[in-house]
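# Structural overview
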Amino acid sequence: MTNVAAVDGGRPLRLTPLRFHIPLIEDDDVAAVSETLRSGWLTTGETTRKFEAAIAEFCGVPHALAVNSGTAALHLALEAVGVGSGDEVLLPTYTFAATGEVVSYLNAIPVLVDCDGDGFNMSLEDARRRLTPRTKAIIIVHIAGLPCDLPAFAAFAQEAGISLIEDAAHSLPGAYDGAGVGQISDAAALSFYATKNITTGEGGMLLTRRKDVAERARIMCLHGISKDAWKRYTQEGSWRYDILSAGFKYNLTDIASALGLSQLAKSAHMLGRRSAIAARYDAAFSSIRGLMVPPRDTRALHSWHLYILRVLEDQLTVGRDRFLEALKAEGILGSVHFIPLHMHSHYMKSLGVKEGDFPNAERHFRGAMSLPLYPKMSDTDVSDVIAAVLKLVDIYRR
Ligand SMILES: *Cc1c(COP(=O)(O)O)cnc(C)c1O
């Protein structure tokens, strides 16, 4: 019977489970990678330089540096703006592990900031309260692809004399009040991880309008050795190099960049699909008691990386965890983004933070449930997600 949840012994809505994410890899992507494999040049080279130029143009930012993860891009950005031992860096508690760990790589101190009252993004007021003379930088995260108020954060950073870094892992593309990701901050980090809006399997890109930041990051991303070290096995290059600093091994391969270029070519199509699916979810869920649809902002260009629906436990007989389990039994795989950093044992131990310290983040997290949202979903897949969520809300409403 349809009014019994599959988790309680009813018939599941879908027999073949719908995966949480499947990347859109088509024949042109496979051909691009194959061509690189046959070319005789696998690691960082001309294809990577082309990928950087294409992303720089797409984002309207003068400098782009391809690296092997979004985390690497964040690390290089912080290093290049001069974050070092003992400096404080403001960052949201509502984010993924990467945003916090890069601060520790540099022996700097993460200072966690709460969310807005009604959205997942960082509260500017709370950031302002946590500013000290030791604050060196602030990292903002455009959660789910909804950009933070970039002009407001840029003004705050300038006033405070600190650097503004964007964790733009969810934002390809992204803009707020016409200010694009990477255009008015000191640097922005994109991610091309397998689940992100475009993927290279693993990969990332540092965007910056600052020539000095771009130059420092380019040197540090390949062992701290002098410029264009990758050319040393080409005709133009030479075997001679100089180590300028103790750098990192963060360069992106041409194999990955070939995939990035073919993915970028279809990013407008993919964004169109993501937005259309998000609009269908909003239409289905926005007036349903027990659910809260994700925030929108008319001034923001949303990339719809994630659709984070909130389950309101005071209006339902089950909480988010049980709801997700029930959804899985119906054949729909959801996920949760993110467990706030201050609720993890490492941060509790190292920063002395605890549950209760960031009430907005905790409230958002309690109900947060990410639904499948990717261009490869069919219209029927989207209908199944909607039907399963509505079925469960009907069963579990108080
Ligand atoms: C995915 C992600 C990253 C890091 O990306 P990688 O490419 O996997 O290193 C950083 N921040 C956030 C918020 C992310 O979701």
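Now for a description of the structure that goes with this document. Every value quoted in this text rests on a predicted model; they were computed, and no experiment measured them. (Residues numbered from 1 in each chain as written. Predicted model: local features only at pLDDT ≥ 70, side-chain atom pairs only at ≥ 80, totals over all residues. Heavy atoms only, no water.)

On to the site of the ligand, then. Among the 16 residues in the neighbourhood of the ligand, the closest are listed as Thr71, Asp167, His170, Ser191 and Lys196. Within the side chain of Thr71, an N or O atom sits 2.5 Å from an oxygen atom of the ligand. A distance of 2.7 Å separates a nitrogen atom of the ligand from a polar side-chain atom of Asp167. Protein chains shield 92% of the accessible area of the ligand, which is 380 Å² for the free molecule. For the ligand, the cavity whose grid points lie within 2 Å of the majority of its atoms is the largest pocket. Those elements that provide at least two residues to the shell around the ligand are helix H3 (70-80) and helix H4 (97-105). Class assignment for the residues of the shell around the ligand results in six nonpolar, eight polar and two charged. (Near = heavy atom within 4 Å. Polar contact = N/O pair within 3.5 Å; in protein donor to acceptor, adjacent residues only side chain to side chain. Areas by Shrake-Rupley, 256 points an atom, 1.4 Å probe, with all protein chains shown as cover. 1 Å grid on protein atoms, 1.4 Å probe; cavity = no way out; pocket = protein on both sides within 12 Å on 5 of 7 lines; lining within 4 Å. Sits in = over half its atoms within 2 Å of the grid points. Helix = DSSP H or I, 4+ residues; strand = E, 2+ residues; numbered from the N terminus. Nonpolar A, V, L, I, M, F, W, Y, C, P; charged D, E, K, R; others polar.)

Take the layout of surface pockets next. The volume enclosed by the largest pocket comes to roughly 540 Å³. If you trace the largest pocket, you find 31 residues lining it, with Phe96, His170, Tyr193, Thr195 and Lys196 closest to the centre. Those elements giving two or more residues to the lining of the largest pocket turn out to be H3, H4 and strand E8 (187-191). Take the lining of the largest pocket: its biggest share by element is three residues, from H3. Residue composition of the lining of the largest pocket, by class: 14 nonpolar, 13 polar and four charged. (Points joined across faces, edges and corners; volume = space filled by probe spheres on them.)

We now examine the sheet that holds E8. With mixed pairing, the seven strands of this open sheet are ordered in space as E1-E9-E8-E5-E4-E2-E3. In the strand order of this sheet, the two ends are held by strand E1 (63-67) and strand E3 (109-113), each with one partner. Going across the sheet, the axis of each strand differs from the next one's by a mean of 20 degrees, ignoring polarity. Across four bridges, the pairing between E8 and strand E9 (residues 204-208) is antiparallel. Bridge assignment links Ser191 to a residue of E9, and that residue is Gly204. Relative to the sheet, helix H7 (residues 211-220) contacts E1, E8 and E9, its axis offset from that of E1 by approximately 20 degrees. (Pairing = 2+ DSSP bridges. Axes fitted to C-alpha atoms, helices over the stretch in contact; angles between N-to-C directions. Contact = heavy atoms within 4.5 Å.)

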